[in-house]
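Coordinate inspection notes
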Amino acid sequence: MLKKLAAVLLIIVVIVTLTSCSGEDIFTDENGTEYIVVRNSDGNIVINDSNKLQVYTLNENGKKQKSDAGDYITEFIEFNGQVVTDRIVETAEMKFEIPKHFTADINNPGYFYCEPYNAEIFISYYNEDADKHIAADEMNCESLLESFGSDVFSYEKYSVTINENECTAFKHSCTSSEYYKNAYNYYIPYDTGLYIVNCNINTNDAKKVDFDKFVETITLK
């Protein structure tokens, strides 16, 4: 009996290993339809000029189809701008890993949430000067400090390395009943503008998520 059980467990392990090592990322659209994502020679997802995602054409068994010439058939489909595989998120410009317990919102690309910690992550791009946004954040911090008082509000301006670049960051900590939150803002120069990553979390749970470590996973293409 034990030998049979061991054999069954071994088969299960082999099946799981083969599935996880297939090396193919599955993209699921808003209708629940699954596609296998096409990747280029650099390992990146392929998006055309119409912002459509390239995927392999699958048969009724979910297998990739080949043309008469023996090449895999592909097509371009509509998608929300990001591919999420487990906790890895990839867009046309970046790739990163969201923290544990966070979930992507299929209707809001660039938005991720964690209900147990009342936490959120917002990622936005602005074709504007980074210094203007950084100065505005610092002014806002000073305004909040004056409004709430130093006994319940504090902030810190510091640097964090993202994609081998030194980027400006702000941490706000507040214990007021009006806004019982910790917030983290990161300013990442990119192309002619910048990405701003806004993170917030319930103050009691602030130590449960390392947002600095999260943004350090960001790779810009």
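What counts, and at which threshold
- Residues numbered from 1 in each chain as written.
- Predicted model: local features only at pLDDT ≥ 70, side-chain atom pairs only at ≥ 80, totals over all residues.
- Heavy atoms only, no water.
- Pairing = 2+ DSSP bridges.
- Helix = DSSP H or I, 4+ residues; strand = E, 2+ residues; numbered from the N terminus.
- Contact = heavy atoms within 4.5 Å.
- Axes fitted to C-alpha atoms, helices over the stretch in contact; angles between N-to-C directions.
- Phe/Tyr/Trp six-rings, centres within 6.5 Å; stacked < 30°, edge-to-face > 60°.
- Buried < 20%, exposed > 50% of the residue type's maximum accessible area, 1.4 Å probe, protein only.
- Lys NZ or Arg CZ within 6 Å of the ring centre and 35° of its normal.
- Core = buried A, V, L, I, M, F, W, Y, C linked by side-chain atoms within 4.5 Å.

Glancing now at the sheet that holds strand 11 (residues 153-162). In space, the seven strands of this open sheet follow the order 8-9-10-14-13-12-11, with antiparallel pairing throughout. At either end of the open sheet lies a strand with only one pairing partner, and these are strand 8 (103-104) and strand 11. Of the pairings in the sheet, the one linking strand 12 (residues 165-174) to strand 13 (residues 181-190) comprises six bridges and is antiparallel in character. Within strand 13, the residue paired with Lys171 across the bridge is Tyr184. Contacts between helix 2 (residues 130-148) and the sheet are confined to strand 10 (119-126), strand 11, strand 12, strand 13 and strand 14 (193-202), with strand 11 contributing the most and set at about 155 degrees to the helix.

This part is about the sheet that holds strand 1 (residues 26-28). The four strands lie next to each other as 1-2-3-4, forming an open sheet whose pairing is antiparallel. On the outer flanks of this sheet lie strand 1 and strand 4 (74-77), each paired with one strand and no other. The mean angle between the axes of side-by-side strands here comes to 50 degrees, regardless of whether they run parallel or antiparallel.

With that settled, consider the packing of aromatic side chains. When we look at a pair of aromatic rings, we describe it by the centre distance and by the angle of the planes. Tallying each qualifying case throughout the model produces 13 aromatic pairs. Ring centres of Tyr111 and Tyr113 lie 6.0 Å apart, and the angle between their planes is 25 degrees; on these two criteria the pair is classed as stacked. Taken together, a centroid distance of 5.5 Å and an interplanar angle of 50 degrees make the contact between Tyr190 and Tyr195 tilted. By relative accessible area, which is 18% here, Tyr190 ends up buried. For Tyr195, a relative accessible area of 8% translates into the label buried. In this structure an aromatic cluster arises from ring pairing among Phe96, Phe112 and Phe214. Looking at Lys64, its charged tip hangs above the ring of Tyr56, at a distance of 4.3 Å from the centre. Above the plane of the ring of Tyr72 lies Lys66, whose end atom (NZ or CZ) is 5.1 Å from the centre.

Turning next to the pairing of strand 14. Buried residues dominate strand 14, accounting for nine of its ten residues. Summarising the sheet, strand 10 and strand 14 pair through seven bridges and their orientation is antiparallel. By the bridge assignment for strand 14, Glu120 is matched with Asn200. Linkage of strand 13 to strand 14, two consecutive antiparallel strands, is achieved through a turn of two residues, within which Asp191 is found at a positive phi near 55 degrees.

Let us now look at the nonpolar core. Here is a general trend for soluble globular proteins: nonpolar side chains tend to be buried in one another's company. Formed by 31 residues in total, the largest nonpolar core has its most connected members in Tyr186, Val197, Phe211 and Phe214. Counting residues per element, the ones that place at least two in this core are strand 7 (94-97), strand 9 (111-114), strand 10, strand 11, strand 12, strand 13, strand 14 and helix 3 (211-215). With residues up to four places along the chain from it excluded, the contact list for Tyr186 reads Tyr158, Val160, Ile162, Thr168, Ala169, Tyr195, Ile196, Val197, Cys199, Phe211, Asp212 and Val215. In this structure, Tyr35, Ile45, Val55 and Phe79 belong to the second largest nonpolar core, which totals nine residues.

Bringing unusual backbone geometry into the picture now. The bulk of non-glycine residues show a negative phi, and the bulk of peptide bonds are trans. The phi dihedral of His101 is positive, around 75 degrees, even though this residue is not glycine. Take His101: it is sitting in the loop between strand 7 and strand 8. Classification of His101 by relative accessible area gives exposed; the value is 54%. A positive phi angle, near 55 degrees, is found at Asn163, a position not held by glycine.

Another aspect to go through is the pairing of strand 9. Two faces belong to every sheet, and in a regular strand the side chains alternate between them. When strand 8 meets strand 9, the two strands line up antiparallel, connected through two bridges. Note that in strand 9 the partner of Ala104 across the bridge is Phe112. The turn linking strand 8 back onto strand 9 is made up of six residues, and Gly110 within it adopts a positive phi angle of 85 degrees. Here four bridges tie strand 9 to strand 10, and the two strands are oriented antiparallel to one another.

We now examine the environment of Gly149. Along the chain, the position of Gly149 falls in the loop between helix 2 and strand 11. Assessed through its relative accessible area of 18%, Gly149 is described here as buried. Considering only alpha carbons, one finds Gly149 and Ser176, 27 residues apart in sequence, at a separation of 9.5 Å.

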